[in-house]
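Observations on chain architecture
These are the residues of each chain, in order.
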Amino acid sequence: NPRPFPGGRSDGVKVIPTWEVDIIRDGSVIVDTFVLNNEVLPPRKNKKGKVLWCLPKDLNKTPSFGVHENSRILDIFKD
């Protein structure tokens, strides 16, 4: 589950909402932990430019990851 990361980077005006995410293997072994924000995982858009998914703008809301987002997160992990 993503956790709010209070040390999120500031863009000069406001703090960018940031979450820590654990990559877990074999059900309980944490392989890696990394930070997600809109710079690392930008909003997903359709061909017309409509936003289909994005991280919440409020740290009090927990992001939900669908199949596409889980795939994108694993691609980030592999890099």
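For the structure itself, consult the block above.
Right, let's walk through the structure included here. Because the structure is a prediction, the values reported are computed rather than measured.

A few words on the pairing of strand β3 (residues 29-36). Bridge count between strand β2 (residues 19-25) and β3: seven bridges; the pairing is antiparallel. Among the inter-strand pairings, E20 is bridged to a residue of β3, identified as V35. Counted between consecutive antiparallel strands, the loop separating β2 from β3 contains three residues, among which D26 sits at a positive phi close to 60 degrees.

Another point: the nonpolar core. In this structure, W19, V21, I23, F34, L36, L41, W53, L55 and I73 together form the largest nonpolar core, which totals nine residues. Listed by contribution, the elements that provide at least two residues to this core are β2 and β3. Looking at which element gives the most residues to this core, the answer is β2, with three residues. Ignoring anything within four residues of it in the chain, the contact list for V21 reads P2, D32, T33, F34 and L36.

We now examine the sheet that holds β2. Ordered in space as β1-β2-β3, the three strands form an open sheet in which the pairing is antiparallel. Looking along the sheet, the strands with just one partner apiece sit at the ends: β1 (3-4) and β3. Those strands touched by helix α1 (residues 67-78) are β2 and β3, and its axis lies near 100 degrees from that of β3.

Trans is the common state for peptide bonds, and a negative phi is the common state for residues other than glycine. For D26, which is not glycine, the phi torsion reads 60 degrees and is therefore positive. With respect to the helices, strands and loops of the structure, D26 is situated in the loop between β2 and β3.

About the cut-offs
Residues numbered from 1 in each chain as written. Predicted model: local features only at pLDDT ≥ 70, side-chain atom pairs only at ≥ 80, totals over all residues. Heavy atoms only, no water. Pairing = 2+ DSSP bridges. Helix = DSSP H or I, 4+ residues; strand = E, 2+ residues; numbered from the N terminus. Core = buried A, V, L, I, M, F, W, Y, C linked by side-chain atoms within 4.5 Å. Buried < 20%, exposed > 50% of the residue type's maximum accessible area, 1.4 Å probe, protein only. Contact = heavy atoms within 4.5 Å. Axes fitted to C-alpha atoms, helices over the stretch in contact; angles between N-to-C directions.

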